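# Structural overview
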Amino acid sequence: MRKKLICALALIFACTALGACSPQKNDSRLTRHGEMLNTVVTLTTYGTDDEAILDGAFELCAEYEAILSRTAEGSDIYRINHSGGEPVAISDATAELIGLALDYAELSGGAFDPSIEPIVSLWDITSESPRVPGDDEINQALSRVDWRGITLEGNTVTLRPGMSMDLGAIAKGYIADRLRDYFSDAGVTGALINLGGNVLTYGKKPDGSPFTVGVQKPFASNEVIGAYRISDMALTTSGIYERYFEQDGAIYHHIMDPKTGRPVQNDVYSVTILSPHSVDGDALSTICFVLGADDGLALINSMDGIYAVYCMADGSLIFSEGAEAEWIDKSRLQ
Ligand code: AMP
Ligand code: MG
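Residues numbered from 1 in each chain as written. Chains lettered and ligands numbered in written order. Predicted model: local features only at pLDDT ≥ 70, side-chain atom pairs only at ≥ 80, totals over all residues. Heavy atoms only, no water.

## Thoughts on the pattern of salt bridges
- Applying the stated rule across the entire model yields 13 salt bridges.
- We note a salt bridge from glutamate 137 to arginine 131, for which the minimum N-O separation is 2.7 Å.
- A relative accessible area of 40% means that arginine 131 is categorised as partly exposed.
- Note that aspartate 181 and arginine 180 form a salt bridge whose closest N and O atoms lie 3.2 Å from each other.
- What you see here is one network of salt bridges that share partners, running through Asp177, Arg178, Arg180 and Asp181. (Salt bridge = Lys/Arg side-chain N within 4 Å of Asp/Glu carboxyl O. Buried < 20%, exposed > 50% of the residue type's maximum accessible area, 1.4 Å probe, protein only.)

Put into structure tokens, the structure is as follows:
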């Protein structure tokens, strides 16, 4: 965990350094890091010296973590996962997020599956001594995975007995959007919201310039391969290098194929999505990873205002329609 946090911090510093490239009219910029949501959260506000706004933002993060965490006892997701198939009353936010997750499960034909929890727990990629499970164990866990077994009616959710949920592929994006709403309500004119690599930009910097957000080079924690200049856009990456272990020369990472119950095996190292809302970018980056480049690009090209960049295992980049025009290659970044 420590190593991952250091890597994440290094990337954030890289992004922050890029963000500081453009000259600023004033220096009213506040940044704070925190270890939350199982990652490093970095929030930056522009055009205000009011530290209380950041206090409130971190409190909001903690509130969402308390209802959406899979492991925190008493959270909505914990109660759902321990309900034994009984209906569970949940908060508005959890209901909204589960509704979105089910929409994305349907859209992706089940490539995105919020009931993936039994597989995630079985592999336990981030544990001290992760191992490759046996076929029987994988099949047993897979028999408990099927998003169609989740019933959401208003603020009540019911799972088919034996099932459990994991919203790790979408919750950070949802929380980033809520933080953006919070900063907007607080009168902040610009903010950079970074939840462990899920970056959402709100407004602009005081000099009116957009934010420069880097795309990490896979397996190189403090190196970027390029960047986008964005405002009021999210840049979200799903990559195999984020959480993985190696065994007998093979890499076992954290993005699971709901068809096989194993880490997705393809020629993709990472997928970055640009989208107006962070929750969409979060869901779509995971989906595009699972679908692979051909099907993922077809999906993104069918959506208005959403763009994708695939970093392939051979080092090449593949862009969705319109994404290459705005790309700033590393060689052009000062
Ligand atoms: P992300 O980093 O947003 O791509 O999310 C990856 C996380 O989502 C993993 O650590 C798991 O908790 C969960 N996850 C893994 N595979 C899937 C999947 N196919 N559908 C939904 N969630 C997944
Ligand atoms: Mg995701």
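## Some details on the site of ligand 1
- Taken together, 16 residues lie near ligand 1, and Asp166, Ser238, Met256, Asp282 and Thr286 sit nearest.
- Separating an oxygen atom of ligand 1 from a side-chain N or O atom of aspartate 282 is a distance of 2.9 Å.
- Within the side chain of threonine 286, a nitrogen or oxygen atom sits 2.6 Å from an oxygen atom of ligand 1.
- In terms of residue class, the shell around ligand 1 is made up of 8 nonpolar, 4 polar and 4 charged. (Near = heavy atom within 4 Å. Polar contact = N/O pair within 3.5 Å; in protein donor to acceptor, adjacent residues only side chain to side chain. Nonpolar A, V, L, I, M, F, W, Y, C, P; charged D, E, K, R; others polar.)

## Side note on the coordination of the magnesium ion (ligand 2)
- Distances from the magnesium ion (ligand 2) to its protein donors, Ala169 (O), Asp282 (O), Asp282 (OD) and Thr286 (OG1), fall at 2.1 to 2.4 Å.
- Counting along the primary sequence, the residues that act as donors to the magnesium ion (ligand 2) give the motif A-x112-D-x3-T. With alanine 169 in the loop between strand 5 (156-159) and helix 7 (171-185) and threonine 286 in helix 8 (residues 278-291), this pair connects stretches of sequence that are 117 residues apart.
- In this structure alanine 169 comes out as partly exposed when scored by relative accessible area, which is 22%. (Donors = N, O, S within 2.8 Å, 3.2 Å for Na, K, Ca; no water. Helix = DSSP H or I, 4+ residues; strand = E, 2+ residues; numbered from the N terminus.)

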